[in-house]
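So the chains spell out like this:
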Amino acid sequence: MLGLGLALLGGLAVGAGLTYAGQKAAKEEHKERQQALRLYEKETKRIQEDIRKQTQLNLQQLDLQRKQQVAAFQQSVAERKIQGMRALSGSQVALAARGLQGGTAGRLLETIQYDTSKDIGVIQENLRNYLAQQELRKEQYRAAGEAQIAQYEAQLEMQRQNVEAQAPTFWGTTVPIVAQSFATSFGLFL
């Protein structure tokens, strides 16, 4: 019986040693996972910052394009006004030279003014449509950037949860090792 008690104590000592070694190894593995997580977090933050910068650059580029297009549309309006004034004054001179006055001359001059006004209205409508499209593009760039950032954040959160789930616990490291030690000790007795 004394031999059985000594064997049991020896098995428990081995079990305690294994438990300590198992806990130490589990803690080291957890530290390594935490260190890898910190590197992953750092890289994720860098990527997210790159996405923010790229989104900002895209928005700045859109703003420059918008400014260029607005200037081009304004130039088109100014040119069309000048063409209309030239056509109107040229027509007035031509009509006066022919001696035309009254209703026919008035209708011709009104038609020139109407056509000029109509053309300017089309140019302005095109500008409004362009600006609306630019606003939509800006929102799309912002949304795409935010979606990418959120995706990286979700992946990072999954990594955090994974590391946390694998943290060593009393029930996860000590109990299984002690149970194995008991099984081994009792196996020695049989």
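In the block above lies the structure referred to throughout.
The rules behind these values
- Residues numbered from 1 in each chain as written.
- Predicted model: local features only at pLDDT ≥ 70, side-chain atom pairs only at ≥ 80, totals over all residues.
- Heavy atoms only, no water.
- Helix = DSSP H or I, 4+ residues; strand = E, 2+ residues; numbered from the N terminus.
- Contact = heavy atoms within 4.5 Å.
- Areas by Shrake-Rupley, 256 points an atom, 1.4 Å probe, with all protein chains shown as cover.
- Salt bridge = Lys/Arg side-chain N within 4 Å of Asp/Glu carboxyl O.
- Buried < 20%, exposed > 50% of the residue type's maximum accessible area, 1.4 Å probe, protein only.
- Phe/Tyr/Trp six-rings, centres within 6.5 Å; stacked < 30°, edge-to-face > 60°.
- Core = buried A, V, L, I, M, F, W, Y, C linked by side-chain atoms within 4.5 Å.
- Polar contact = N/O pair within 3.5 Å; in protein donor to acceptor, adjacent residues only side chain to side chain.

Caption draft 1: Looking closely at the overall build of the protein chain. Helix and strand counts for the protein chain stand at three helices and zero strands. In the protein chain, the succession of helices and strands from N to C terminus is α-α-α. The long-range share in the protein chain, meaning contacts at least 24 apart out of those at least 6 apart in sequence, stands at 91%. Working note: accessible area of the protein chain is about 13,500 Å², and carbon and sulfur atoms make up 58% of it.

Caption draft 2: Broad picture of the pattern of salt bridges. The final tally for this structure, using the stated rule, is 14 salt bridges. Its salt-bridge partner being glutamate 125, residue arginine 128 comes within 2.8 Å of it at the nearest N-O pair. Of this pair, arginine 128 and glutamate 125 are both found in helix α2 (residues 103-165), three residues apart, which corresponds to roughly one turn of the helix. Within the structure, one salt-bridge network assembled from shared partners comprises Glu41, Lys45, Glu153, Glu157 and Arg160.

Caption draft 3: The arrangement of the environment of tyrosine 114 in detail. Within the secondary structure, tyrosine 114 is located in helix α2. Residue tyrosine 114 is classed as exposed on the basis of its relative accessible area, which comes to 54%. Separated by 30 residues in the primary sequence, tyrosine 114 and glycine 84 have C-alpha atoms spaced 9.4 Å apart.

Caption draft 4: Highlighting the packing of aromatic side chains. Counted according to the given criterion, the structure contains one aromatic pair. The interplanar angle of 50 degrees and the centroid separation of 6.3 Å between the aromatic rings of phenylalanine 73 and tyrosine 130 together place this pair among those described as tilted. With phenylalanine 73 in helix α1 (residues 2-98) and tyrosine 130 in helix α2, the pair connects residues that are 57 residues apart, well separated along the chain. The residues phenylalanine 73 and tyrosine 130 share a single accessibility class, namely buried.

Caption draft 5: Fine view of the nonpolar core. In terms of nonpolar packing, the biggest core is built from seven residues, these being Val70, Phe73, Val77, Ile120, Ile123, Leu127 and Tyr130. Of all the secondary structure elements, the ones that give two or more residues to this core are α1 and α2. It is α2 that contributes the most residues to this core, four residues altogether. Once residues within four sequence positions are removed from consideration, leucine 127 is found in contact with Val70 and Phe73.

Caption draft 6: Region of interest: the side chain of glutamine 48. Residue position: glutamine 48 is located in helix α1. Here the side chain of glutamine 48 touches glutamate 153 through a polar contact of 3.2 Å, side chain to side chain. Residues within four places of glutamine 48 in sequence aside, it is in contact with Ile149, Tyr152 and Glu153.

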